[in-house]
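Here is what each chain is made of, one letter per residue.
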Amino acid sequence: MTQRLEASTSSRRRDGRTRLLGELVSRGPATRAELARTTGLAPSTVTSLVAALLKEGVVRPADSPGPAGVGRPGQRICLGRRAGVVVGVDLGRRHLKVAVADLSHELLARTEVSKSADHGAAEDIELIRKQVEATLAAAEVTRDEVLALGMGLPGPVHTSGEIGDSAILPGWIGVQAGHSLEEALGMAVTVDNDANLGALSESTWGAGSGVRDLVFLKVATGIGAGLVIHGRVFRGAGNTAGEIGHTVIDPGGPVCRCGNRGCLEMYAGSAAILAAVQPTHPEIADLATVVRRAEQGDGGCRLVIADAGRAIGSALATVCNIVNPARVIVGGTLGEAGELLLEPMRVAVLRGAVRSAAQDVEIVGASLGSDSELMGAVALALGHAEVTP
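None of the values given here were measured: they were computed from a predicted structure.

Caption draft 1: Representation of the pairing of strand 4 (residues 95-102) in the model. Burial runs high along strand 4: 7 of the 8 residues are buried. Where strand 3 (residues 85-91) hands over to strand 4, the hairpin turn is made up of 3 residues, counted between the paired strands. Both strand 4 and strand 5 (residues 107-114) contribute to a ladder of 7 bridges, which runs antiparallel. Residue pairing across strands places Val-98 opposite Thr-111, the latter belonging to strand 5. The antiparallel hairpin formed by strand 4 and strand 5 contains 4 residues in its connecting segment, where His-105 sits at a positive phi of about 75 degrees.

Quick look at the structure:
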């Protein structure tokens, strides 16, 4: 009888540690009171478990105190370096970003390199391998400490793990990205669409923090949407939800790479924007330059960005009617144009959405800027990191 009671107590304690550690991984620094509330554990149990974890060096006091309330503010605790680290990778058409973070959500190192748009998957994977090693070295972290790696790609990532049709990274079509990276890196890898990861990062740390229903738009070479519904990223039956760039806004418009006519990308993707400005600005070769010239007051660049904003807002109005988000967060290279893009979008949504949906939504810029997708890859890895109880 005594042995059964001891075994039951030990099992409950292990379960409590697992829940506590999992909560610290997902939310980062937290007070004991917050942990008791979110895990459902008794405050006395949380206090006892935290004391043991502090003694073992698995958790440590966080730098900042918890929210002020009646009496003394609670001290936040977080997972220490002994618990491990995660890696985030953001692969684009011409860039590769890598970040290493610990389980307290602190960024330890971040690197970025340019890459050829013509790289195939094998060349990109080798580049990723080298850059992950360089970033781990910069963070003074060993490979053995890595618990998980998250990666974002600008294309549909099917539930099978296979990369779908992508004009941005055509060399990755049909590749089992996660499996291929695991073989090359010797790490647990999870892969997702970059817009989904932008939604994940902005809802975790950025402009969508505390918002349960939101849309993240990545407007760059292509246009993708990440959806957060009831606090969770919504991926759809085949993991390809959010392909707003292929919403038809003009049935008689130009033929899109997807085979339809008049898709949003044909009016607001980077190729369309460059085609609109180059007759008068033949020296402009990329979207970032269009944004920079617009910020400097160039009338033609401002007009083209406003036209893109109206086109995006027209498609977004339909999304608002269906999803009814509280917030739309706009990121990507074109998103860095700020109000030059956002205000025309707002006007188009007001015109195209039903009144209640248009009144419910707030359209803002991404607070994590160009690193929204990279930090989303970190968040994805945190969600798959398992800490030994």
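Okay, back to it.
Caption draft 2: Broad picture of helix 9 (residues 287-295). What helix 9 keeps buried is the set Leu-287, Thr-289, Val-290, Val-291 and Ala-294. Against helix 8 (270-277), helix 10 (299-323), helix 11 (332-335) and helix 12 (339-352) lie the buried residues of helix 9. Note on helix 9: the residue one or two positions beyond its end, Gly-297, has a positive phi of about 105 degrees.

Caption draft 3: Up close: the sheet that holds strand 9 (residues 223-229). Spatially, 5 strands are ordered 10-9-8-11-12 in an open sheet, and the strand pairing comes out mixed. Across the chains shown, the open sheet's two edge strands, defined by having one partner strand only, are strand 10 (232-234) and strand 12 (362-365). Adjacent strand axes in the sheet meet at a mean angle of 25 degrees when their direction is disregarded. Across the sheet, helix 10 touches strand 8 (214-219), strand 9, strand 11 (327-331) and strand 12, and the angle it forms with strand 8 is around 155 degrees.

Caption draft 4: Structural detail: the packing of helix 2 (residues 32-39) against helix 3 (residues 43-56). Following both chains from N to C, one finds helix 2 and helix 3 inclined at 120 degrees, their axes separated by 9 Å at the closest point. Looking at the two axes, helix 2 sits oblique to helix 3. As helix 2 packs across helix 3, the resulting crossing turns out to be right-handed. Between helix 2 and helix 3, the residues in contact are Arg-32, Leu-35, Ala-36 and Thr-39 and Pro-43, Val-46, Thr-47, Val-50 and Leu-54, respectively. In terms of residue class, the contact of helix 2 with helix 3 is built from 6 nonpolar, 2 polar and 1 charged.

Caption draft 5: Expanded view of helix 12. The end-to-end C-alpha distance of helix 12, which contains 14 residues, comes to 19 Å, matching closely the 20 Å that a straight helix rising 1.5 Å per residue would cover. Burial in helix 12 covers these residues: Leu-341, Leu-342, Pro-344, Met-345, Ala-348 and Val-349. Contacts from the buried residues of helix 12 go to strand 8, helix 10, strand 11, helix 11, helix 13 (355-360) and strand 12.

Caption draft 6: Main features of the packing of helix 4 (residues 121-138) against helix 5 (residues 177-185). Where helix 4 contacts helix 5, the two axes come as close as 10 Å, and the packing angle between them is 45 degrees. Relative to helix 5, the element helix 4 is oriented oblique. Every pair of crossing elements has a handedness; the one defined by helix 4 and helix 5 is right-handed. On the side of helix 4, the interface is formed by Ile-125, Ile-128 and Arg-129, while helix 5 contributes Ser-180, Leu-181, Ala-184 and Leu-185.

Caption draft 7: Representation of the pattern of salt bridges within the structure. Scanning all chains against the criterion turns up 21 salt bridges. Where Arg-110 meets Glu-112, a salt bridge forms, and the shortest distance between an N and an O atom there is 2.9 Å. Accessibility expressed as a relative area gives 33% for Arg-110, which makes it partly exposed. By relative accessible area, which is 44% here, Glu-112 ends up partly exposed. The salt bridge involving Arg-346 is made with Glu-339; its shortest N-O contact spans 2.6 Å. For Arg-346, a relative accessible area of 23% puts it in the partly exposed group. With a relative accessible area of 47%, Glu-339 lands in the partly exposed category. Connected through shared salt-bridge partners, Glu-23, Arg-27, Glu-34 and Arg-76 make up one network.

Caption draft 8: Structural detail: the sheet that holds strand 3. An order of 5-4-3-6-7 is seen for the 5 strands of this open sheet, with the pairing classed as mixed. Taken across any chain shown, the strands that pair with only one partner, and hence form the sheet edges, are strand 5 and strand 7 (189-193). Taking each pair of neighbouring strands and ignoring which way they run, the sheet shows an average axis angle of 15 degrees. Of the strand pairs in this sheet, strand 6 (residues 146-153) and strand 7 are connected by 5 bridges, and their pairing is parallel. Among the inter-strand pairings, Gly-152 is bridged to a residue of strand 7, identified as Asp-192. Docked against the sheet, helix 4 engages strand 3, strand 4, strand 5 and strand 6, running at close to 40 degrees with respect to strand 4. Across the sheet, helix 5 lies against strand 6 and strand 7, angled at about 145 degrees from strand 7, the strand it touches most.

Caption draft 9: Molecular detail of the environment of Ala-358. Along the chain, Ala-358 turns up in helix 13. Ala-358 sits 10 residues away from Ala-348 along the chain, and the two C-alpha atoms are 9.7 Å apart.

Caption draft 10: Structural view of the side chain of Thr-111. Mapped onto the fold, Thr-111 is located in strand 5. Within the local environment of Thr-111, its side chain forms a polar contact with the side chain of Gln-131, the two groups lying 3.0 Å apart. The contacts of Thr-111, once residues within four sequence positions are left out, are Leu-96, Lys-97, Val-98, Gln-131 and Thr-135.

Criteria and thresholds
The written sequence of each chain sets the order in which its residues are numbered from 1. Where totals are concerned, whole chains, interfaces and linings use all residues; where local detail is concerned, this predicted model gives features only for residues with pLDDT of at least 70, and gives and counts side-chain atom pairs only at 80 or more. Excluded from the side-chain calculation are hydrogens and water; included are all heavy atoms of the structure. Residue exposure (1.4 Å probe, protein chains only): buried if accessible area is under 20% of the type maximum, exposed if over 50%, otherwise partly exposed. Each helix is a run of DSSP H or I of at least 4 residues and each strand a run of E of at least 2, with the numbering of both proceeding from the N terminus. Strand pairing follows a simple DSSP-based rule, namely that at least 2 bridges must link the two strands. Residue contacts follow a heavy-atom distance rule, with two residues in contact if any of their heavy atoms lie within 4.5 Å. Angles shown run from 0 to 180 degrees and are taken between the N-to-C directions of axes, each axis being a line fitted to C-alpha atoms and, for helices, limited to the stretch in contact. Roughly parallel means an angle under 35 degrees; roughly antiparallel means over 145; roughly perpendicular covers 65 to 115; every other angle is labelled oblique. Should the near helix be turned anticlockwise from the far one by less than a right angle, the crossing is termed left-handed; should it be turned clockwise, right-handed. Classes in brief: Ala, Val, Leu, Ile, Met, Phe, Trp, Tyr, Cys and Pro nonpolar; Asp, Glu, Lys and Arg charged; the others, Gly included, polar. Any helix carries an expected span of 1.5 Å times its number of residues minus one. In what follows, salt bridge is the name for a side-chain nitrogen of Lys or Arg lying within 4 Å of a carboxyl oxygen of Asp or Glu. Counting of polar contacts relies on pairs of N or O atoms within 3.5 Å, with two restrictions inside protein: one atom must be capable of donating a hydrogen and the other of accepting it, and residues adjacent in sequence are counted only when both atoms are side-chain atoms.

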